[in-house]
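# A structural walkthrough
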Amino acid sequence: MKFTSRPLLYLAAASAVNAAEPPAPPLPAQIAPGYATIRAESLRADVTFLASDALEGRLSLQPGNTVAIEWIVSEFAKAGLQPIVDDGYRQAVPLVEYRADRAENRVSLTRAGTTKPWAFPHVAGSYKDDVDVTASVVFAGFGITAPELGYDDYAGVDVTGKIALIFDHEPQETDPKSIFNGTGNTRYATSRVKLLNAQNHGAVGVLIVGEPNRKHPSNQERIAKIGGSATRSLSLASQVLDNHELRIPIITISDVVAQELLATSGALPSALQEKIDRELQPQSRALPDTAITIHLRNTTRRRANTYNVVGLLPGSDPSLAAETIIISGHHDHDGGSGSEIYHGADDNASGTAGVVALAHAFARNPVRPKRSLLFVVFAAEERGLLGAFWMAAHPLRPLATTRAVINFDMIGRNEEASEQTKDLIEIPADTTNRLNLIGGFYSPDYARTVAEENRRVGLVLDDRFDHESALNVFFRSDQFPFVLKNIPAFWWFTGFHPDYHHVTDTADRINYSKMTKIVQLAFLSTWRFADDATAPRFVESPRGR
Ligand SMILES: [Zn+2]
Ligand SMILES: [Zn+2]
């Protein structure tokens, strides 16, 4: 996809404000004491500790991550947050950790009496349990069921007991007028939602392939470009939630494999996509003489708990205190040892330090916000948003009255070009004062409130990532499980850079003065979310713009 210049909503708003309007009104006296506690020196000290060699990259289920968890617990206790889990401040997140046996794993096609096996990298995927599934294959388009858009890839096909073959992403993705949120993504574009949809339709497995006519790298191609942790000397074991809602395997297949499977469909893969894009009518069909066997084995498997760290600041208003604003980040990163430690200073010592700083800021303010604030530092984000998905499925406060989520993940750097983002997103020349907000389509109210408060802080706010669909940014941090629950939830993100998921993501490279402004803006925005008579609304089905 080509990313052409387009006006940046927030950028335009911010410069207009700076140029023409009177300066922002002074800080209300009642929130000044908390605001004054947010200081660059303490953010620097906390990031430096969390990203130090001693914590060994805070890998989920490893001792360095436990040190980070215990540090957050002690900070929440010092701030005087209310513990709301049996165990105090720790919400247990039960995990299964396993290592796939690549030598053993395969997907085989049986057609015309002969069987043909494929192995990695033609087929890639794993599952926590051993899998032996044989079933015929149904092509199910993009695998999307969107009743409010009048679109259903499963209309007219039965996948009960079958394996569904689907395209990644969503129809019409290069069309700014697409009902699927223009050139941005909707919630339907993620493989998790597609997997759940296939499961709900009775499928026993899913094969997913990059859209044949895509104008961007497939997910696998993109991940291969990150380098760093993607090419580390010792690959990481997989982790998934134990006893969770996903019960069938999903395998990513190459274009070549998809082409061969679809050979009996009566149309070329590119023609199938073209027709869906043009008519928005399903092209789903059973594939004649196409039986697939998915065979998966693991070399190791164990169960263990990690922990979300959670503390509550109860609201001061008798009727609004039942409602919740969540301020979150994640404490884990990619581990390592010796000379190969993934320090994760930006990702996400910065967000962790930001959440802790806000806990202290609100706790030290003599006046309390009206709604309650839930401070959360999630576990196992790097392993697939596991802590956040667990909390969204096992909430500690009712989700129906959770009004907003501010999620910090990488709030410390200046965005810079890197291999991963090359040709996929345009990066402005000066990013030293710039913050990306992700999720604007789903709550313009939220975006407006942050933009209003930004008049006091003066960052440049940027919504570029809401208009791209190649980097999948919308799905890639802990706000997303809450977006799936219809809660206005934004990812606050300073953007990618060459040290992203590399051992060079170190504390000395953070822009602490910008990070301080971001935490200040979150403080001010949280007050608004907590005290405004009307909370931001959620838009269930954004139609682009
Ligand atoms: Zn992260
Ligand atoms: Zn990360």
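Rules of the game
- Residues numbered from 1 in each chain as written.
- Chains lettered and ligands numbered in written order.
- Predicted model: local features only at pLDDT ≥ 70, side-chain atom pairs only at ≥ 80, totals over all residues.
- Heavy atoms only, no water.
- Helix = DSSP H or I, 4+ residues; strand = E, 2+ residues; numbered from the N terminus.
- Rg over C-alpha atoms; globule rule 2.2 N^0.38 Å.
- Buried < 20%, exposed > 50% of the residue type's maximum accessible area, 1.4 Å probe, protein only.
- Donors = N, O, S within 2.8 Å, 3.2 Å for Na, K, Ca; no water.
- Tetrahedral: all angles 85-135°; square planar, octahedral: opposite > 155°, others 65-115°.
- Pairing = 2+ DSSP bridges.
- Contact = heavy atoms within 4.5 Å.
- Axes fitted to C-alpha atoms, helices over the stretch in contact; angles between N-to-C directions.
- Phe/Tyr/Trp six-rings, centres within 6.5 Å; stacked < 30°, edge-to-face > 60°.
- Lys NZ or Arg CZ within 6 Å of the ring centre and 35° of its normal.
- Core = buried A, V, L, I, M, F, W, Y, C linked by side-chain atoms within 4.5 Å.
- Parallel < 35°, antiparallel > 145°, perpendicular 65-115°, else oblique.
- Nonpolar A, V, L, I, M, F, W, Y, C, P; charged D, E, K, R; others polar.
- pLDDT = per-residue confidence, 0-100.
- Arc of directions from axis to C-beta.

### Topic: the overall build of the protein chain
The number of helices and strands found in the protein chain is 13 helices and 21 strands. On C-alpha atoms alone, the protein chain measures out to a radius of gyration of 23 Å, which is about the 24 Å that the 2.2 N^0.38 rule sets for 545 residues. Principal axes of the C-alpha set define a box for the protein chain whose edges measure 80 × 50 × 45 Å. Taking all 545 residues of the protein chain together, the buried fraction comes to 59%.

### Brief notes about the coordination of the zinc ion (ligand 1)
For the zinc ion (ligand 1), the full set of protein donor atoms is His330 (NE2), Asp347 (OD), Asp409 (OD) and Asp409 (OD), at a range of 2.1 to 2.5 Å. Coordination at the zinc ion (ligand 1) is irregular: its four donor atoms span angles of 55 to 149° at the metal. Sequence spacing of the donor residues for the zinc ion (ligand 1), all on one chain, is H-x16-D-x61-D. In this structure, the zinc ion (ligand 1) is positioned 3.4 Å from the zinc ion (ligand 2), and both are ligated by Asp347. Taken together, the positions of His330 in strand S14 (residues 324-330) and Asp409 in the loop between strand S18 (402-408) and strand S19 (434-438) put the pair 79 residues apart, joining distant regions of the chain. A relative accessible area of 0% places His330 in the buried class.

### Quick word on the sheet that holds strand S11 (residues 250-253)
Strands belonging to one sheet form pairs held by backbone hydrogen bonds; the direction of such a pair is parallel or antiparallel. Judged by pairing direction, the sheet is mixed, and its eight strands sit side by side in the order S3-S2-S12-S5-S8-S9-S11-S4 without closing on themselves. Looking along the sheet, the strands with just one partner apiece sit at the ends: strand S3 (114-118) and strand S4 (123-124). Sheet topology places strand S5 (residues 131-139) next to strand S8 (residues 163-167); three bridges connect them, and they run parallel. Residue Phe139 lies in a different strand from S8, and its bridge partner there is Leu165. Sheet strands in contact with helix H5 (residues 191-200) are S8, strand S9 (205-209) and S11, and its direction is about 145° off that of S9.

### Quick notes on the packing of aromatic side chains
Going through the model one piece at a time under the given rule, you end up with 25 aromatic pairs. When the ring of Phe474 is compared with that of Phe475, the centres are 5.7 Å apart and the planes differ by 50°; the resulting orientation is tilted. By the burial criterion, Phe474 is buried, and Phe475 matches it. Here a set of aromatic residues connected by ring pairs shows up, and it is made of Tyr35, Phe76, Tyr89, Phe362, Phe375, Phe523 and Trp527. Its guanidinium or amino end placed over the ring of Phe120, Arg102 lies 3.6 Å from that ring's centre, counting from NZ or CZ. Taking NZ or CZ as reference, Arg192 lies 3.5 Å from the ring centre of Phe389, over its face.

### What about the coordination of the zinc ion (ligand 2)?
For the zinc ion (ligand 2), the full set of protein donor atoms is Asp347 (OD), Glu382 (OE), Glu382 (OE) and His501 (NE2), and the range of their distances to it is 2.0 to 2.3 Å. Coordination at the zinc ion (ligand 2) is irregular, judged from the four donor atoms that bind it and the angles of 58 to 143° they form at the metal. Written as a sequence motif, the donor residues of the zinc ion (ligand 2) are D-x34-E-x118-H.

### Digging into the nonpolar core
In this structure, Phe76, Leu358, Phe375, Trp492 and Phe523 are the most contacted members of the largest nonpolar core, which totals 62 residues. Every residue in contact with Phe76, bar those within four places of it in the chain, is listed here: Leu81, Tyr89, Val309, Val310, Gly311, Val355, Val356, Ala359, Phe375 and Val377. Ala189, Ala304, Ala379 and Ala470 belong to the second largest nonpolar core, which has 46 residues in total.

### Description of the packing of helix H3 (residues 40-50) against helix H13 (residues 512-531)
Two numbers describe how H3 lies on H13: the axes approach to 9 Å, and their chain directions differ by 105°. By the angle class used here, H3 and H13 are roughly perpendicular. Between H3 and H13, the residues in contact are Ala40, Leu43, Arg44, Val47 and Thr48 and Tyr512, Met515, Thr516 and Val519, respectively. Residues of the contact of H3 with H13, tallied by class, amount to six nonpolar, two polar and one charged.

### Description of the sheet that holds strand S21 (residues 489-493)
With mixed pairing, the nine strands of this open sheet are ordered in space as S10-S1-S13-S17-S14-S18-S21-S19-S20. Both edges of this open sheet fall to strand S10 (238-241) and strand S20 (460-462), since each of them pairs with a single strand only. Going from strand to strand, the sheet's axes swing by 25° on average, the running direction of each strand aside. With three bridges connecting them, S19 and S20 associate as parallel partners. Counted as the bridge partner of Asn436 is Asp462 from S20. Together, strand S1 (90-100), strand S13 (298-313) and strand S17 (372-378) form the strand contacts of helix H4 (residues 63-79), whose direction differs from that of S13 by roughly 15°. Packing against the sheet, helix H11 (residues 444-457) makes contact with S18, S19, S20 and S21, and its axis sits at approximately 45° to S21.

### A few points about the environment of Ile166
Within the secondary structure layout, Ile166 lies in strand S8. The class for Ile166 is buried, based on a relative accessible area of 0%. It is 9.8 Å that separates the C-alpha atoms of Ile166 and Thr252, two residues lying 86 residues apart in sequence.

### Brief notes about the side chain of Thr352
Note on placement: Thr352 falls in helix H9 (residues 345-364). Other than its neighbours up to four places away in sequence, Thr352 contacts Leu50, Trp71, Ile72, His330, His331 and Val377.

### Concerning unusual backbone geometry
Residue Phe120 is joined to Pro121 through a cis peptide bond whose omega torsion reads 5°. If you trace the backbone, Pro121 turns up in the loop between S3 and S4. Cis geometry is adopted by the peptide bond preceding Asn348, which originates at Asp347 and carries an omega value of -5°. Phi at Arg58 takes a positive value of approximately 50°, unusual for a residue other than glycine. Its place among the elements puts Arg58 in the loop between H3 and H4. Backbone geometry at Asn486 places phi at a positive 65°, although glycine is not the residue there. By secondary structure assignment, the location of Asn486 is in the loop between helix H12 (480-483) and S21.

### Some details on the confidence of the model for the protein chain
Residues at a pLDDT of 70 or more form 95% of the protein chain, whose mean pLDDT is 93. Segment residues 1-20: pLDDT under 50, and 35 contacts once partners within four positions in sequence are set aside and those in other chains are kept.

### Digging into helix H8 (residues 269-279)
Counting along an α-helix, one turn takes 3.6 residues, and residues three or four places apart therefore face a common direction. Within the span of H8, buried status applies to Pro269, Leu272, Gln273 and Ile276. Buried residues of H8, viewed axially, fall in a sector of 95°; they line one side. Summarising the contacts, the buried residues of H8 are in contact with S5, strand S7 (151-152), S8, helix H7 (255-261) and strand S12 (285-296). Taken from the residues just after H8, Leu280 is the one with a positive phi, measuring 50°.

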